[in-house]
Amino acid sequence: MKFTAFLHQKSLPVLALAGFMAACAGTPQAGPVPGPVSGPVSGPVSTPGGTPSPITAPPAPVLQPFNLSGNLSMDAWREDFARRAVAAGRDTAIVHATLASISPLDLYLGDTLKTAGTDVGSQAEFAKPIWEYLETAVTAGRTTGGAEKLADLSTVFDQIEATYGVDREAVAAIWAMETNLGSYIGNFDAANTLANMAVEGRRRSFAEGELTALMKMQERGEVSRDQLKSGWAGAMGQTQFMPSTFLTYAVDFDGDGRKDLWNSAPDALASAANYLSASGYQNDLPWGIEIIAPTGFDWSLADGQDRRMSTWTGYGLFAITGSGFAVPETSYAELWLPAGATGPKYLLFKNFDVYKTYNRSDSYALAVGLLTDGIGGRHGPVGVWPTDLVLLSRRDVMVLQDNLNRQGFDAGPVDGIAGRGTKGALRRFQAAHDLLADGYPTQTALQQVLDAS
Ligand SMILES: [Ca+2]
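Each chain has its residues counted from 1, running along the sequence as written. Reporting in this predicted model follows two pLDDT cut-offs: at least 70 for local features of residues, and 80 or more for side-chain atom pairs to be given and counted; totals over whole chains, interfaces and linings ignore these cut-offs and use all residues. Heavy atoms throughout the structure, all of them, feed into the side-chain values; hydrogens and water do not.

Here's the deal with the overall build of the protein chain
- Numbering of helices and strands runs from the N terminus; a helix is a DSSP stretch of H or I covering at least four residues, while a strand is a stretch of E covering at least two. Counting its regular elements, the protein chain contains 20 helices and 9 strands.
- Each residue is placed in one exposure class: buried if its accessible area under a 1.4 Å probe, protein chains only, is under 20% of its type's maximum, exposed if it is over 50%, and partly exposed if it falls in between. Counting all 453 residues of the protein chain, 48% fall into the buried class.
- At a minimum sequence separation of 6, the contacts of the protein chain that also span at least 24 residues come to 65%.
- Here the accessible surface of atoms and residues is derived via Shrake-Rupley with a 1.4 Å probe, and residues count as covered only by protein chains that are part of the display. Of the roughly 20800 Å² that the protein chain leaves accessible, carbon and sulfur atoms contribute 53%. By definition in these notes, contact holds between two residues if any of their heavy atoms fall within 4.5 Å.

The structure is reproduced here in structure tokens:
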């Protein structure tokens, strides 16, 4: 009950703060009310004998007033959130230090609503054809740079593999993908970008949870306030950890007593390996294997279901490199067609889903997978991307989703994002109409759906 104690402090700024908070929250509290106290209180306590006993608990520090941020919504949110943080037991000085310098960012609170921070559809993984995304994500610089890092830091990677059971190429691929191997870690203040996200509102609960984690990181003495740099969405350091992930998975691998994901590559890489390991990484299986299939293969089997490798080989699939599948017959994989039946095709294993714990997009996970292979000297894909296909705009996708839903093929919400739900509905439509059932949303496929309406 530190909040009660802090209200008892008779300083004008706190009284003003309490009145302001009551006005904002609409609660019937006009000022500091000495209500029931269940925790330690400051001030003399009378004993039955009438003799004052000494104070046993130190007085809770007063939360200093904040300077105005320049945005009224931000100021009101901050007063309320700071009060709740202190009430929940956060250190008063750290609450203040975390929130004192926040200010509105155009990215979140500008007039033009260029809210890249909250609009999934505007993220690069979803907006471009997958081959355009991969052109910028899987570059020669990242694969050769990653291979050089494996050589430069071979001892560290030996220790990471031994400790966490995660392949070095996979860790380096995440590093390459997230911050270009530590060369760009973002220059936002994590507290400020998360505060802006909270004020913007659509992800307020998430952002407040991450701010709380940021405060706990400081309370533990693992980080200092001034080092908390992040990307625009609050992910920090060379392997881009959100504060809540940091709290659970960050490690001090170089042994200097600090979990420095910003400046220490060993700390950042071991933390990423720790996270991948906890997410279920399997070091005896690949993330995926590019395949080719016999003529007349039923592409509707790319339905998101895991099947045994013995089943896939029975259907006639084999590795495009010509070698056999170097995985157990009893292992499970999913057939995935990132660009339909005419593009590169993959069997995906558990590690693909592990990559998606970093970023839930399939395109992201494919980029990490291709970087994993490329850093290991195996460059893919062998197949050619069908760049001649005419893809759908976001508006076209909404028309497709709406028409699939009307015809009883559940495409999910009409959101203009051709995710797995939409592709699955299209695949079922195609199968029902004896069309090539690869579920890939092209202009041709849209026209077929419209013609059937
Ligand atoms: Ca360290």
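Focus: the coordination of the calcium ion
- For Na, K and Ca the donor cut-off is 3.2 Å, while for other metals it is 2.8 Å, and in both cases only N, O and S atoms qualify; water is not among them, so sites may look incomplete. Within the protein, the atoms that donate to the calcium ion are D252 (OD), D254 (OD), D256 (OD), R258 (O), D267 (OD) and D267 (OD), at distances of 2.2 to 3.0 Å.
- Think of it this way: with four donors and all angles in the 85 to 135 degree range, the site is tetrahedral; with four or six donors, opposite ones beyond 155 degrees and the rest between 65 and 115, it is square planar or octahedral; otherwise it is irregular. Given 6 donor atoms and angles of 48 to 161° at the metal, the environment of the calcium ion is assigned as irregular.
- Here the donor residues for the calcium ion map to a single chain with the spacing D-x1-D-x1-D-x1-R-x8-D.
- By relative accessible area, which is 49% here, D256 ends up partly exposed.
- Note on R258: relative accessible area 32%, which makes it partly exposed.

Re the packing of helix α9 (residues 154–164) against helix α14 (residues 265–278)
- Lines fitted to the C-alpha atoms define the axes, with helices restricted to the stretch that makes contact. Angles between their N-to-C directions range from 0 to 180 degrees. At a minimum axis distance of 10 Å, the contact between α9 and α14 shows a crossing angle of 25°. In terms of orientation, α9 lies roughly parallel with respect to α14. For the crossing formed where α9 meets α14, the hand is right-handed. On α14, the residues touching V156, F157, I160 and Y164 of α9 are P266, L269, A270, A273, N274 and S277.
- Residue classes in the contact of α9 with α14 are distributed as 8 nonpolar, 2 polar and no charged. Oblique is the label for any angle not covered by the other classes, which are roughly parallel (under 35 degrees), roughly antiparallel (over 145) and roughly perpendicular (65 to 115). In this scheme the crossing of two helices becomes right-handed for a clockwise turn of the near helix relative to the far one and left-handed for an anticlockwise turn of less than a right angle. Three classes are used: nonpolar for Ala, Val, Leu, Ile, Met, Phe, Trp, Tyr, Cys and Pro, charged for Asp, Glu, Lys and Arg, and polar for all others, with Gly counted as polar.

Examining helix α19 (residues 420–432)
- A rise of 1.5 Å per residue sets the reference length of α19, with its 13 residues, at 18 Å; its end C-alpha atoms lie 18 Å apart and thus fit the reference within 8%.
- Taken as a whole, α19 has its buried residues at T422, G424, A425, L426, R427, F429 and Q430.
- Tucked into the core, α19 has its buried residues touching α18 (394–406) and α20 (443–451).
- Following α19 by one or two positions, D434 has its phi on the positive side, about 55°. By this rule, a helix spans an expected 1.5 Å times one less than how many residues it contains.

Quick look at helix α12 (residues 204–219)
- Between its first and last C-alpha atoms α12 spans 22 Å; for 16 residues at 1.5 Å apiece the expected length is 22 Å, and the two agree.
- Along α12, the positions that sit buried rather than exposed are A207, E208, E210, L211, A213, L214, M215, M217 and Q218.
- Close packing links the buried residues of α12 with α3 (72–87), α4 (92–99), α11 (190–200) and α13 (243–249).
- Downstream of α12 by a residue or two, G221 has a phi angle that is positive, lying close to 75°.

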